[in-house]
Amino acid sequence: MANDIDREAGTVNRSDENLTSPYAEEKQPWYIRRKRWLICGVVTLVFLAIFLPILFLVIIPKIIQGIVDASVINFNSAGLSNVTATSFTLTGNGTIANTGSIPADISSEGPISLYWQGKLLGSLPSLPDISAGHGGDTPLVISNTVTVSNEDNFANFAAYLLNNKNFTWVLTSTVTVKALGIPFRGISLNKTVTLNAADKFSNVAIQSFDIPGDSADGKGIALKVATSITNPSDIDFDLGDVTFTLTYSDQAVGTLVGNAVKLKKGENVLSLSGSLQATTPEGLSAVGKLFSNYIKGQASLTKVIGKSASNNNVNIPWLSSSLTALELLVVLPGKAFNIITAISLGNVDVDISPETAYSPTLSAPTIRANYQLPFPFTATPLQAGQNLQLIGGGGPIGTLSTPLAPVSGTEPNVIILSISAPLVSSDNTNFEAFFSAVTNTDSVSFNLNGTVDTVVRTATGDIQLTGIPVNVATSLAGLNGLKSAPVGISNVVVAGGDPNGITINTDTSLNNPSTSKITLNSDAVFDLYYQDSNIGKVTLPSLVLDRGDNNLGAVVYYSPASGAEAAGKAFLTAYVMNQDITVDIRGNADSTTSVESLKSAFSQISLSAGIPILGKQVVTGAALFIPDNIGSTSIAKSTVTVSNPFAAQLTISTIDSTVKYSGRAIGSIQNLNFGSNPIVVPGSSTVSREGIDLKLATAVGDIVWLLETAAAASNVDLGVLKQLLDLLLQLTGSSTNKVKRAEIEAEIAAVAQSSGLSKRADEDITNIILKALAGLKVDLDITSSLKVGDYSTTLSFSQNGVPAATDSSVLKLVGAIGTPLVQYLVGLSTLTFSSAELRDLSDSGFPLKTIGRIANTGPLTASISFDQPVTVSWLKPDNSTLTLGTLPLPAITAVPAGADLNIEGRFSISSVSNFAQFTGYMLKSKSFTWVITSESVTVNALQNTFKNIKLTKEVTLSGFNGLDQLSITAFDLPSDDPLGGIKLNIGATLLNPSSISIELGTLTFENYYQDQLVGPVTSSGSVFLQGTQDATPAPNALSLSGRITPRTGTADTIALASLFGEYLAGHDAILTVKGKNVVPPNGNYVNWLVPVFQQLSLQVKLPGANPVKPLVDAITINDFKLDFTTGAFNPKTTSNNIVAQFKSPFGFPINVFSVAQNLTVFSHSTAIATISVPFNDAKTDPVTNLISTGIGPGKTGPEPRFELIPGAEAGYIGFLGETLNAPTSTFTLRGLLNSYAATGAGNLPLFGIPLDVSTTIKGFNNFGGSIVSDPTSFNLDIDTLTTTVGVNSLITSDSPVTVIAGPVVFQFEYTAIGLISEAGKVQTFGEVVIENMVVGPGQNVVPAVSSFSLLPYLDDLTAPIIEFSTLALDSQDVPIVIVGFAGSTNISSLQPIFSHIRLNTVINLHKVLFPEEGRTTSIVSRLAEKGLKLPSVDLDKLTQLRNGTLTLASNITVPDASTVNSNNTAGSNGANLVGGNTSAASRTTVSASFALSFVGICSLFLSMMF
């Protein structure tokens, strides 16, 4: 600054010295001021020399000591952690107060000693540095390790700390106080610190209590306790792992462990785990009480006593010792649990008597109690006892108490116990109501209230749980009034009778559906009711009702009460008649039981019971005899058999009865009184009485009804007898059945055809009648006076189904049916012919064999004979008849099922014209009908002969239906026919749908296709046309031979060619086969047959060849040219040598002379290209059937092309790549061939011949991977450093394929050998140009010229190209690779293929560089002679290479260059760009150029030389 300030002088100095402050004082002399200063300074120095030592050595330390003594240390909180046997970490947060106003820094000079009650506990290394004296409290934070000096002292202190409200520590040490920047050492520190202690952690509560299972050692019960504990102390305790002993009732009952226990000030939650373990009976008792209180919801006061403490499994003695003095009173709150969740009483036995009516013994061997412990520890019940009260809806019922007793059971949480104790009534009314409900309802629900004591086995021992509360609902299955199952009464025995009643003993089955067994110890007597009337009593002696079915003996006393007599008789009548009887068994409050508590229960019992039917008849049989005078008296004689079903004697005095059959009265016994000769039948015995008159109903309708009904009941088939009886009723006017005749006819036919009735003679009718009546059972309505024992009564009852025996006398009831039925039965019969056979045909007739059947002849056996031949007529479609002739028939014996006919006789034709008309219809129609008539038929039936019976029957046979089922089974053209044309052999099957077999003879047919005559065929031998058997058309094999006639015009030629084409393609063709002539074996001309046969015209299917065999199954391509210069994906395609193997399915010669092709080429199953070839000349070898042809434009067609199928570019290129690079290429040709062939029937166009063959051609195989290169010229352009070398290359191909690719460019690839460049280093350079690449079969010579510039490589004289140039100039054999690349050709289809070409070759320039000198001459050696050496070139190695003593490694193998045509290898006067043919058959010259990359070196050498 330009200005400065002189504060002492009070002036402001500036650059302008003339300016002064107006406030400046007047200046004093300098010497006056200095003197004053000197005096003051001396005085001051003296004072300071005396005062300062006193101040700093005495005064200030005293002041500081006083301040330190007056200061107060307060801890807001403290913590003990990292506790070990000898140390722990003490942390604390507090303040230092009363430190004065002088700022000071306090630091420890040594350890801090810690005292309690004058006893040294331990020491801290130091206190933290403290900055105090700022006018307020100074924070104090301690975190340091306290080293325990005396474990006993510390243990006593720790015990005091845990059990008292507060404690006082004394901290002593010396400190350094730094005040006013001066440290004052040796200041004494002695401070008392009072903190709140644990006070026994008096506020302890259990938050959760869990027993997860047994302890890990299996000796106790695992515990988990979450405890809330309040730490009133200012100290946070980190106690480590603490173990406590749990006691109850002054007994140690378990151990608890807390891991990493930390008790912070305030409320803490500790998770303790351990086990309940008791080893003494007192301890087990305490555990039992503890559990009992807990599950009853009662709290238990426990003590938790400290046992030990450890850290990291190391015991801390002083802490463990202090914990033993800690006793925590902890209340374990109870939690009421519903331990017993269900009780099922199971089977209950009640033993009751009149004396124990209100205290019966209740036994239950399998009471099932479901329990659920609140914890999953092992607790196996061993014993149980209970004090329970049964409580129903009305209140207490009774009490049941049992002491401890063993229990059983294997199910989890289920115990089974057995009890037997009195059920003591609590309230008699409720008690009676309870048993009433048990007796009369299906289930009784009630509660069991009270307590259960149990002994359970646990992991710590057997403990008793007492007073476990029980309050469960349970139920007892009731007897349901004994109605759950029907009451069963069996083994009914009528034992005897007295004047007042009948005693009946029975077995009674009562079902007790409950689980209770009741032993009554007294009789139970019930009332017996029938039709709601009291007819007696039922007594069950000493009643015991067990569970389930009870079979009890019962005594029934039948004695109807007053007013119940009618009901009583109805009961006995129903019983004797084997009717179902239902009685009621009812309880009575006064008399049923003498057990007072059960009277109400039993009085409500009301049961229905079915009395089993007697199962026996009183009248068990009868017999019937028909006398001769039955027609006039209607009285028959009968015998009656009586069986006594009772054990008591039965006496019968009178009988009045009506005899019924199937509900209709057929006779009666009227007012029969035995008087003094009653029928007496002892108990369970049988007695018969004969000679009883029986009046019968003998009207015609009654007898016919009896026969028909009895036959039906006996399941006897009356057959025709039923219809005959119906007709008889109609004839006599006795019938009310208006059945129509058509229905009767149908019934007779059905019966006659039914199984089991195949024979029915006259005598069969007698057997049917006897059989029908043999099982006759009648019903008797009886009123009789009788006695059972000594009990008299009159009963009206029925006896149904009483067997009535008959004998042959019953035939007298049936009269003869008579003659009128015979004509009727003949009219119902039917006549059928199943087949007919015709042979030896002539105009007069023929032998005829027929097989047929006469049916529906009825159920009678009959003999039918014909006195004259029957007349045979044809029933025309208009229902008129045309007489054909006559036929004799033999006698026929007809049984009920009919009779088979086998007739042989001569059919005599009465009219040839009529028969010709019929034959034409028979040939064309599906069926025809003959009418057989006769006026003189004789029938023998029912042992009678009936004459002059008329017969008219229609017989329908199947016709030939046009014989439209002719099928060709074989078709062969074996050779040319000597008469011209082609020999034709046909195998055929003719299905004859007619039932007529006919011997036709020799047949001639003419075959037509597309309305053009193919040729005639004639059958071989005589044809016998077999007729249908069993409705299946009969197959008849025909062997036909003839010829295909020569073609005379376009239409028949095209038709025949089309026929061949369809056949060869496997397609069916329809021929028209026309009848030409029939010659029977006898040679006769049959006027009614030949004209009809000539009307025959059949549409016959000629099946196509099956399997279809290819006419061409192999193709060999010996020449194939693709000119890609005419199209990348549609090059022109030619071939002069394609050979196809022709395989004809026929034996006649075929000469294919022209072929056209429309083909698709498939490569690896993918269609890639098409070739359409117009007709080209062809030649067929007659021996081998090889067709030679080619691919070309033919006479008129365009040039064929190998045309890409759009979208198949990848497959097309792949095929070309396989052809050029692989040894072989396999592909498939599919399509159609059109051809012209010369045959014996003329020149035929055979179009649409399918072709599907695979063929293989040799590929170029990448030209073997190598070519021979022979340089022909060398030129060097000095200005551009470009060299040009002409080379002839020899390319050899074994493939028949010629490829014209046009201009092609390749590159060189050279791999360094280590002469100059790094060995193995690869470099691609230069280019190879082929002006028009044409490669065909054999050897192809390619003269070449190439050029490239060395300029890009001159900066790197170690490049592989420099090495290559050096070796080349040194006249070495240099291996190189000719490499294709993407731009090798402009033909897009070949670009991917050419880019993969790699051809090994060797180049040596000696003869073009030094054509007149020896092999050892080289440019390099000449330079060396002049003292010039190429950079980096090892001349010694080069010399060894030249001398042959060093060989360079090369994997290239190429043919000898001498194989190249010498006419194209000489000369160095320029590039020979056009080559000539070396061999007309196998060699093609290709012009190419190879650019060799040593031009730059050449120019370098020339500059050195010149």
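For the structure, check the block above.
The present account deals with the structure reproduced in this document.

**Here we look at the nonpolar core**
Side chains that are nonpolar tend, in soluble globular proteins, to be buried together.
Then, in step 1: One finds Phe201 and Trp318 to be the most contacted residues of the largest nonpolar core, which totals 221 residues.
Then, in step 2: For Trp318, the residues in contact, after removing those within four places along its chain, are Val83, Thr84, Ala85, Phe88, Val148, Glu151, Phe154, Ala155 and Ala158.
Then, in step 3: Ranked by size, the runner-up nonpolar core spans 171 residues in total, among them Ala862, Phe960, Val1161 and Val1173.

**Section: the pairing of strand 70 (residues 1186-1191)**
Then, in step 1: In the sheet, strand 66 (residues 1132-1142) pairs with strand 70 via five bridges, with the strands oriented antiparallel. Bridge assignment links Ile1138 to a residue of strand 70, and that residue is Thr1189.
Then, in step 2: As paired strands, strand 69 (residues 1179-1180) and strand 70 are joined by two bridges and run antiparallel to one another. Counted as the bridge partner of Lys1179 is Ser1188 from strand 70.
Then, in step 3: In textbook terms, the turn of a hairpin is the stretch between consecutive antiparallel strands, and for strand 69 and strand 70 this stretch comprises five residues, one of which, Asn1185, has a positive phi near 60°.

**Description of the environment of Leu1102**
Then, in step 1: With respect to the helices and strands, Leu1102 occurs in strand 63 (residues 1097-1102).
Then, in step 2: The exposure class assigned to Leu1102 is buried, which follows from its relative accessible area of 2%.
Then, in step 3: Among all residues touching Leu1102, those that are not within four sequence positions of it are Ile968, Phe971, Leu1059, Tyr1063, His1067, Asp1068, Ala1069 and Leu1071.

**Details of the sheet that holds strand 71 (residues 1203-1204)**
Then, in step 1: Judged by pairing direction, the sheet is antiparallel, and its five strands sit side by side in the order 71-68-67-72-73 without closing on themselves. In the strand order of this sheet, the two ends are held by strand 71 and strand 73 (1242-1258), each with one partner.
Then, in step 2: Of the strands in this sheet, strand 67 (1151-1163), strand 68 (1166-1177), strand 71, strand 72 (1224-1239) and strand 73 touch helix 17 (residues 1209-1221), which is tilted by about 95° from strand 72.

**Looking at the side chain of Asn163**
Then, in step 1: Tracing the chain through its elements places Asn163 in helix 2 (residues 151-163).
Then, in step 2: There is a polar contact of 2.8 Å between the side chain of Asn163 and the backbone oxygen of Ala159.
Then, in step 3: If we skip the residues at most four places from it in the chain, Asn163 touches Asp199, Lys200, Ala325 and Leu326.

**Looking at the pattern of salt bridges**
Any two side chains of opposite charge can pair, on the condition that their charged atoms come close.
Then, in step 1: By the definition in use, this model includes 19 salt bridges.
Then, in step 2: In this structure, Arg457 and Asp462 form a salt bridge, with 2.7 Å as the shortest nitrogen-oxygen distance.
Then, in step 3: By relative accessible area, which is 44% here, Arg457 ends up partly exposed.
Then, in step 4: Judged by relative accessible area, Asp462 falls into the partly exposed class, the value being 31%.

Conventions adopted
- Residues numbered from 1 in each chain as written.
- Predicted model: local features only at pLDDT ≥ 70, side-chain atom pairs only at ≥ 80, totals over all residues.
- Heavy atoms only, no water.
- Core = buried A, V, L, I, M, F, W, Y, C linked by side-chain atoms within 4.5 Å.
- Buried < 20%, exposed > 50% of the residue type's maximum accessible area, 1.4 Å probe, protein only.
- Contact = heavy atoms within 4.5 Å.
- Pairing = 2+ DSSP bridges.
- Helix = DSSP H or I, 4+ residues; strand = E, 2+ residues; numbered from the N terminus.
- Axes fitted to C-alpha atoms, helices over the stretch in contact; angles between N-to-C directions.
- Polar contact = N/O pair within 3.5 Å; in protein donor to acceptor, adjacent residues only side chain to side chain.
- Salt bridge = Lys/Arg side-chain N within 4 Å of Asp/Glu carboxyl O.

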